[in-house]
Amino acid sequence: MTHDKKTHSSHVLVLQGGGALGSYQAGGFEALSQVGYYPDYVAGVSIGAINAALIAGNTPENATQRLREFWTHVSSSNPLGHLFAKALQSVVPREWLNAVSAGGVALAGIPGFFTPRMPPPFLYPSGSSQGLSFYDTAPLRETLLRLVDFDRINRREVRLAVGAVNVRTGNLVYFDNHKQDIGPEHIMASGALPPGFPPVEIDGEMYWDGGIVSNTPLQYVLDDHDPHADTVVFQFDLFSARGDVPRGIFDSESREKDIRFSSRTRYTTDRVAELLRLRNAFQRLYDKLPADLQKSRDTRLLMEAVHPGRMAIVHLIYRQASHELNSKDYEFSRLTAEDHWKAGIADVERTLAHRDWIERQSARDDLVIIDAAREFDLEESR
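Structural notes, computed from the coordinates. Keep in mind that this is a model prediction, so the values were computed, not measured.

## As for the overall build of the chain
So, step 1. Scanning the chain for helices and strands turns up 16 helices and 11 strands.
So, step 2. Per-residue burial over the chain gives 52% buried out of 382 residues.
So, step 3. For the chain, the share of sequence-separated contacts (at least 6 apart) that also reach a separation of at least 24 residues comes to 74%.
So, step 4. Total accessible area computed for the chain in this model is approximately 18300 Å², and 53% of it derives from carbon and sulfur atoms.

## As for helix H10 (residues 249-262)
So, step 1. With 14 residues, H10 extends 20 Å between its outermost C-alpha atoms, agreeing within 8% with the 20 Å of an ideal straight helix rising 1.5 Å per residue.
So, step 2. In the stretch just after H10, arginine 264 is the one whose phi turns positive, near 50 degrees.

## Some details on the side chain of arginine 319
So, step 1. Within the element layout of this structure, arginine 319 appears in the loop between strand E10 (311-317) and helix H14 (334-352).
So, step 2. By relative accessible area, which is 10% here, arginine 319 ends up buried.
So, step 3. Reaching out from arginine 319, the side chain makes a polar contact with the backbone oxygen of isoleucine 317 at a distance of 2.9 Å.
So, step 4. At a separation of 3.3 Å, a polar atom in the side chain of arginine 319 contacts the side chain of aspartate 347.

## Quick notes on the pairing of E10
Every other side chain in a regular strand lies on the same face of the sheet, so the side chains alternate between the two faces.
So, step 1. Of all seven residues that make up E10, seven are buried, and the element is covered over most of its length.
So, step 2. Of the two faces of E10, the one lined by Met311, Ile313, His315 and Ile317 and the one lined by Ala312, Val314 and Leu316 are each fully buried.
So, step 3. Alignment of strand E9 (residues 229-237) against E10, held across seven bridges, turns out to be parallel. Residue pairing across strands places threonine 231 opposite methionine 311, the latter belonging to E10.
So, step 4. Bridge count between E10 and strand E11 (residues 367-371): five bridges; the pairing is parallel. For histidine 315, the partnering residue across the bridge sits in E11 and is aspartate 371.

## So, the nonpolar core
So, step 1. Of all hydrophobic cores here, the largest spans 69 residues; its most connected members are Leu13, Ile50, Phe70, Phe113, Ile187, Phe234 and Phe236.
So, step 2. In terms of residue count, the dominant contributor to this core is helix H2 (residues 47-56) (eight residues).
So, step 3. For phenylalanine 113, the residues in contact, after removing those within four places along its chain, are Ile47, Ile50, Phe70, Val74, Asp136, Thr137, Pro139, Leu140, Phe197 and Phe332.
So, step 4. In this structure, Val12, Ala161, Tyr220 and Met311 belong to the second largest nonpolar core, which totals 18 residues.

## Examining the packing of aromatic side chains
So, step 1. Applying the stated criterion across every chain yields a total of 16 aromatic pairs.
So, step 2. Measuring from ring centre to ring centre gives 5.0 Å for tyrosine 37 and phenylalanine 234, while their planes differ by 75 degrees; the resulting arrangement is edge-to-face. Placement of the pair is tyrosine 37 in the loop between helix H1 (23-34) and strand E2 (41-45) and phenylalanine 234 in strand E9, with a sequence separation of 197 residues.
So, step 3. With relative accessibility at 9%, the residue tyrosine 37 sits in the buried group.
So, step 4. Residue classification places phenylalanine 234 among the buried residues on the basis of a relative accessible area of 4%.
So, step 5. On the basis of an interplanar angle of 90 degrees and a centroid distance of 5.3 Å, the ring pair of phenylalanine 70 and tryptophan 71 is categorised as edge-to-face. Tryptophan 71 shares its class with phenylalanine 70; the two are buried.
So, step 6. One aromatic cluster is present, built from ring pairs that chain together Phe70, Trp71, Phe113, Phe114, Tyr135, Phe197 and Phe332.
So, step 7. Cation over ring: arginine 68 sits above tryptophan 341, and NZ or CZ is 4.2 Å from the ring centre.

## A few points about the environment of glutamine 16
So, step 1. As for its position among the elements, glutamine 16 is in the loop between strand E1 (8-15) and H1.
So, step 2. Residues glutamine 16 and asparagine 51, spaced 35 residues apart in sequence, show a C-alpha to C-alpha distance of 9.9 Å.
So, step 3. Within the structure, glutamine 16 has its side chain in polar contact with the backbone oxygen of serine 262 (distance 3.4 Å).

## Description of the packing of H1 against H14
So, step 1. The contact between H1 and H14 brings their axes to 7 Å, and the two run at 40 degrees. Classed by the angle they form, the pair H1 and H14 counts as oblique. In this structure, the crossing between H1 and H14 has a hand that is right-handed. Residues Ser23, Tyr24, Ala26, Gly27, Gly28, Glu30, Ala31 and Leu32 of H1 lie in contact with H14, whose contacting residues are Ala337, His340, Trp341, Ala343, Gly344, Ile345, Asp347, Val348, Glu349 and Leu352.
So, step 2. Of the residues assigned to the contact of H1 with H14, the class counts are 10 nonpolar, five polar and three charged.

## Quick look at the side chain of aspartate 209
So, step 1. Mapped onto the secondary structure, aspartate 209 falls in strand E8 (residues 205-209).
So, step 2. With no salt bridge to any partner, buried aspartate 209 finds its closest opposite charge in arginine 260, at an N-O distance of 9.5 Å.
So, step 3. Those residues in contact with aspartate 209 that sit more than four places away from it in its chain are Val45, Ser46, Ala164, Val165, Ala189, Ser190, Gly191, Ala192 and Leu193.

What counts and how
Residues numbered from 1 in each chain as written. Predicted model: local features only at pLDDT ≥ 70, side-chain atom pairs only at ≥ 80, totals over all residues. Heavy atoms only, no water. Helix = DSSP H or I, 4+ residues; strand = E, 2+ residues; numbered from the N terminus. Buried < 20%, exposed > 50% of the residue type's maximum accessible area, 1.4 Å probe, protein only. Contact = heavy atoms within 4.5 Å. Areas by Shrake-Rupley, 256 points an atom, 1.4 Å probe, with all protein chains shown as cover. Expected span 1.5 Å × (residues − 1). Polar contact = N/O pair within 3.5 Å; in protein donor to acceptor, adjacent residues only side chain to side chain. Pairing = 2+ DSSP bridges. Core = buried A, V, L, I, M, F, W, Y, C linked by side-chain atoms within 4.5 Å. Phe/Tyr/Trp six-rings, centres within 6.5 Å; stacked < 30°, edge-to-face > 60°. Lys NZ or Arg CZ within 6 Å of the ring centre and 35° of its normal. Axes fitted to C-alpha atoms, helices over the stretch in contact; angles between N-to-C directions. Parallel < 35°, antiparallel > 145°, perpendicular 65-115°, else oblique. Left-handed = near helix turned anticlockwise from the far one by under 90°. Nonpolar A, V, L, I, M, F, W, Y, C, P; charged D, E, K, R; others polar. Lys, Arg positive; Asp, Glu negative; His and termini not counted. Salt bridge = Lys/Arg side-chain N within 4 Å of Asp/Glu carboxyl O.

As structure tokens, then:
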């Protein structure tokens, strides 16, 4: 391909929403950081937005530690229960332990994240902000202010974009530190999933969780990234679009949640691949045009859509363990958080073992989309 401008390298993290499953992303980031991979652009939705803020709002040296502090804190509601669960997991079905943990979250909330609203929302008068959710997320604001350096975020050392939904218009919007200053309220808005959490007001508008419209920020990154960069995207999804046919009512609820929140990410990457191949084909055609046609208005307009940089998208998807229930996204036990973290590390390490293959593919093709589970048999690694 002919390039009109020199390209440079860009590293991007794309983090899907998924509540308690988000420690998978944190483990994956730890594994990437250990080999020197640190992003210059992080995009997230919901829990992915919180992880993204923890990464962009800290130095490369301490981002993993801040992620660990957050996940340790939000899984610390019952330290004795954690020890008890570890002791019992060999004799008590793990599903039972998870169910008890999820029930505790529903009743008592999560430290540093959310607390039950008392009195409950249906006892507040119509129009009251307290009557819009079952939980109060004020503790999350304090946690973000403690663990995230928002001055660093707004110095734009790392690009940060988080998705939320305008409650009034129903439109998905992205709060992007390359376009505006970012504060804790923007991160909280991205994770304000109703009716559990209240909407967050920003500049006179109310916002809910971006996952209501699209749980994966990949499309935003692809539409609004540096076109002159050779870009490597690590995309961490927490829900799998593919799965088994349910065998019972609880399986049905869990499978529905997977399909709804996977946000058709494989479809998105397939469509992007098709578009970029058309762009690259036009670049090759442009090189063969006579000079007068190259300078025409229509040709210049089409050339604006051509991206000279190469792109590799490495797609990692958390695969639900056999003992996880439909409460997997709000089961915040320490035992489960550690399992998710370790799964993220294992998947990234197995993927990086094929780094030479990824680099060869990226050097050969202008666009490479790598489904890590398929290419590297991650399904068989557990």
